[in-house]
Amino acid sequence: LNTVEYYLRSPEFRETVHEQLRRICDLERIISKVSVNRVNPRELRQLAEALDAINILRTACRETDYAALIAAADKLATCTELRQRIEREIRPDTPLLIAKGGVIGNGIDQELDELRTLHTDSKHYLMQLQEREAQRTGIQSLKVGYNVFGYYLEVRNTYRDIVPEEWTRKQTLAQAERYITPELKEYETKILTAETRILEIEQRIYMRLVEDLKTIIPEIQRDAFLIARLDCLLSFAIVSLERRYIR
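Residues numbered from 1 in each chain as written. Predicted model: local features only at pLDDT ≥ 70, side-chain atom pairs only at ≥ 80, totals over all residues. Heavy atoms only, no water.

### Quick word on the overall build of the protein chain
Secondary structure assignment for the protein chain yields 10 helices and 4 strands. When the helices and strands of the protein chain are listed from N to C terminus, the series reads α-α-α-α-α-α-α-α-β-β-β-β-α-α. In terms of overall dimensions, the protein chain is more spread out than a globule: its C-alpha atoms have a radius of gyration of 29 Å, far above the 18 Å expected for 247 residues. Overall size of the protein chain, expressed as C-alpha extent along the three principal axes, is 100 × 35 × 25 Å. Looking at the 247 residues of the protein chain, the share that counts as buried comes to 44%. Just so you have it, the protein chain exposes about 14,300 Å², and 49% of that area is on carbon and sulfur atoms. Charged side chains of the protein chain number 38 positive and 40 negative; the gap between the two group centres comes to 4 Å. (Helix = DSSP H or I, 4+ residues; strand = E, 2+ residues; numbered from the N terminus. Rg over C-alpha atoms; globule rule 2.2 N^0.38 Å. Buried < 20%, exposed > 50% of the residue type's maximum accessible area, 1.4 Å probe, protein only. Areas by Shrake-Rupley, 256 points an atom, 1.4 Å probe, with all protein chains shown as cover. Lys, Arg positive; Asp, Glu negative; His and termini not counted. Charge placed at Lys NZ, Arg CZ, Asp CG, Glu CD.)

Quick look at the structure:
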């Protein structure tokens, strides 16, 4: 009842608590999924936002002149280091599943950054290759493409007689022939390997983060209990305010 009365006497504090509670997800559900390695990247971002809200609530409670709220603040764990790791390592626009890739942010792993650069710059590289080979061979209609069989250089039948000897025929069409060059084959291998390696590195970084989050499960469970109390008593205060209840 004293806490409910404090909420009623402190509209600014009441509004702060109300705003921050809206940012807090189902902590117990998410942390239980962490414990069995079933948590998805978006849930980790939700956990980070909840911990940020808890940090604001902790400060707000400490700044009150009410002993019970100050005591509650002292028990709240903000887990700042791991919250910051989630914010830094997991992209804000992360997909739902780690298997899709694109979960881990840039600047976390040097090899991952290099492989991503290789992957994203592939279009630019292939255009350069096409222009260079067209100028070298005189095949003006030369085109680089990709299908289920891999990368290829497509040459219309008009230019078939001037195809360099080191090119290997890959596919025959009605109006054209498709070839592979040693350079293009090497690049193809590098690109396909990069995609697999990117997923492997992201999975490793993600699971390392999940394993480290298991160390704060007791703190998160305690936070969930304390937040539930603050939430419940705030609800009492709001109902009292709306219906003019008194002690």
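### Considering the pairing of strand β2 (residues 150–156)
The element β2 is largely enclosed, with a buried count of 6 among its 7 residues. Relative to β2, strand β1 (residues 143–147) runs antiparallel, the two being bridged by 5 bridges. Pairing of Tyr146 across the sheet is with Tyr151, part of β2. Between the antiparallel neighbours β1 and β2 lie 2 residues. (Pairing = 2+ DSSP bridges.)

### Describing the pairing of strand β3 (residues 168–172)
With 4 bridges connecting them, β3 and strand β4 (residues 176–180) associate as antiparallel partners. Each residue of the ladder has a partner; that of Thr172, found in β4, is Glu177. Here β3 folds back onto β4, and the loop between the two strands holds 3 residues.

### Observations concerning the pattern of salt bridges
One pass over the full model with this rule turns up 24 salt bridges. In this structure, Arg83 engages Asp52 in a salt bridge whose closest nitrogen and oxygen atoms are separated by 3.7 Å. With a gap of 31 residues between them, Arg83 in helix α6 (residues 80–89) and Asp52 in helix α4 (residues 41–62) connect regions that are remote in the sequence. Under the relative-accessibility criterion, Arg83 is labelled buried at 8%. (Salt bridge = Lys/Arg side-chain N within 4 Å of Asp/Glu carboxyl O.)

Bear in mind that shape data such as this cannot, by itself, settle questions of function.
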